[in-house]
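Tertiary structure, described
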Amino acid sequence: MASTISCDVAVVGAGLAGGMIALALKARHPTLDVRLIDSAETVGGNHLWSFFGSDVDTADRWIVAPLVVHAWRGYDVDFPGHRRTIDATYYSIESVRLDAEVRRVLPPHALMLGRKVLGASATAVVLGDGDRIEATGVIDARGPGDLSLLDLAWQKFLGRELKLGAVHKAPRPMVMDASVEQLDGYRFVYCLPFKPRRMFVEDTYYSDTPDLDLPVLRTRIDAYVAQRKWQVKAIEREESGVLPVAMGGDFEAYWRSGGARVAKAGMRAGMFHPTTGYSLPDAVRTAAMIAGMSDFSGARLHDATHAMARTTWKSRGFYRMLDTMLFRASEPEERYRILERFYRLSPSLIGRFYAGRSTMTDKARILTGKPPVPIARAVRAIAGMSRA
Ligand SMILES: Cc1cc2nc3c(=O)[nH]c(=O)nc-3n(C[C@H](O)[C@H](O)[C@H](O)COP(=O)(O)OP(=O)(O)OC[C@H]3O[C@@H](n4cnc5c(N)ncnc54)[C@H](O)[C@@H]3O)c2cc1C
């Protein structure tokens, strides 16, 4: 028989954003009855989430610290015209760790997995099995809303975690190896040395289309690995993604598409970096903000998450303009030149770029000098930007 469950906060979607909100809420408000609901049987799906140390405020590190599985000092980039090691900290979180941490912190009844959600309002959640949750406030973190309301290009990739037969000797992450053949837009390979005999290798494309031909990408990863003379003993895990790269769009319509008047977090709130499609830094900020609240009514949660997402979207027009130049003003096979030039800039500027905190001086610095795209075409592309 269908039942009604009452609680303080219902977090819908136990992915990156929902998982971190539940953890942060329990840390700051231990007596709060928080429910975390997902249709899957595990928290976080099959993911590796990486971020730079400078992406997360010192005051918010407590949220990510228990989740970090790999940490490095320094990373490499490689382009046809130059190679460079950049001094910065880099971290990875594995979804199995997020799953374990949520199970450790939340009481068993609070983690409602294998429960498909049919609909959510500001104060109620309807489950596929007929049960209903009534909450003081609901936060919807079920992944993207209607992405067709945004003007997008794509960052798409296939990653494989490899067990190697011999030590690889790679000292640090290779965040962009763009010395590879340029195909389907801007292409690079991303490698994370997890352990001396374990390497994560990802083939990535900044592409005009979201299609992902997995068999072809597997072949390209094999070729890259063979060229590096890494002997593969086993493929331990595989993940793929197609992430939005935003050039413009109607933020308010996108927000409403995920449920009008319902609090939102993560991709559903449009909280991702326009250029990378990465959402971890914003998800940490959102979790910290919600954990700092004391009124968890649906209306208050909606207003707080909406205000944060709208301010964030408005502040990122510069990145959407750069994306427009990357995709609309340069030939696909020439796109790497823009990134090559960007990676000659200072490490602190690069760090602020990925954190979405570029200063006016950074922006001027990124745009000055001999542009790697034809000026007239860039001006036309920017003039044609949809509502950004
Ligand atoms: C393979 C991959 C790698 C990525 N790597 C990075 C990275 O390194 N760094 C970074 O910052 N970003 C990365 N991203 C981008 C982005 O940060 C992730 O997509 C992130 O997981 C988005 O978080 P989210 O909480 O919004 O959504 P998700 O983590 O996708 O969580 C949404 C959850 O909602 C659940 N759900 C959906 N519909 C329902 C329903 N009807 N009922 C119940 N549950 C439902 C899903 O099962 C899922 O668990 C990556 C994305 C992918 C796909």
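Figured I'd write up the structure that's included with this text. Predicted model only: the values in this text are computed from it and were never measured.

It is worth spelling out the pattern of salt bridges at this point. What the rule picks out here adds up to 28 salt bridges. A salt bridge links Asp57 to Arg357; its shortest N-O distance comes to 3.0 Å. Within this pair, whereas Asp57 is found in the loop between strand E3 (48-52) and helix H2 (61-64), its partner Arg357 is found in the loop between helix H10 (347-354) and helix H11 (360-367), the two being separated by 300 residues in sequence. In this structure Asp57 comes out as partly exposed when scored by relative accessible area, which is 35%. On the accessibility criterion, Arg357 (35% relative accessible area) is partly exposed. One salt bridge in this structure joins Arg237 and Glu161, with 3.3 Å as the shortest N-O distance. Of the two residues, Arg237 is situated in strand E14 (residues 232-249) and Glu161 in strand E10 (residues 150-164); the sequence distance between them amounts to 76 residues. Judged by relative accessible area, which is 9%, Glu161 ranks as buried. One salt-bridge network, in which partners are shared between bridges, spans Glu161, Arg198, Glu236, Arg237 and Glu239.

Before going further, it helps to spend a moment on the site of the ligand. Looking at the ligand, there are 28 residues lining it, with Ala17, Asp38, Ser50, Met267 and Ser279 nearest. Between the ligand and the protein, one listed contact pairs an oxygen atom with a backbone N or O atom of Ala17 at 2.8 Å. Between the ligand and the protein, one listed contact pairs an oxygen atom with a backbone N or O atom of Leu280 at 3.0 Å. In the complex, 85% of the free accessible area of the ligand, which totals 970 Å², lies under the protein chains. When contributions to the shell around the ligand are tallied by element, the ones reaching two or more residues are helix H1 (16-28), E3 and E14. Class assignment for the residues of the shell around the ligand results in 12 nonpolar, 11 polar and 5 charged.

Scoring rules and cut-offs
Residues numbered from 1 in each chain as written. Predicted model: local features only at pLDDT ≥ 70, side-chain atom pairs only at ≥ 80, totals over all residues. Heavy atoms only, no water. Salt bridge = Lys/Arg side-chain N within 4 Å of Asp/Glu carboxyl O. Helix = DSSP H or I, 4+ residues; strand = E, 2+ residues; numbered from the N terminus. Buried < 20%, exposed > 50% of the residue type's maximum accessible area, 1.4 Å probe, protein only. Near = heavy atom within 4 Å. Polar contact = N/O pair within 3.5 Å; in protein donor to acceptor, adjacent residues only side chain to side chain. Areas by Shrake-Rupley, 256 points an atom, 1.4 Å probe, with all protein chains shown as cover. Nonpolar A, V, L, I, M, F, W, Y, C, P; charged D, E, K, R; others polar.

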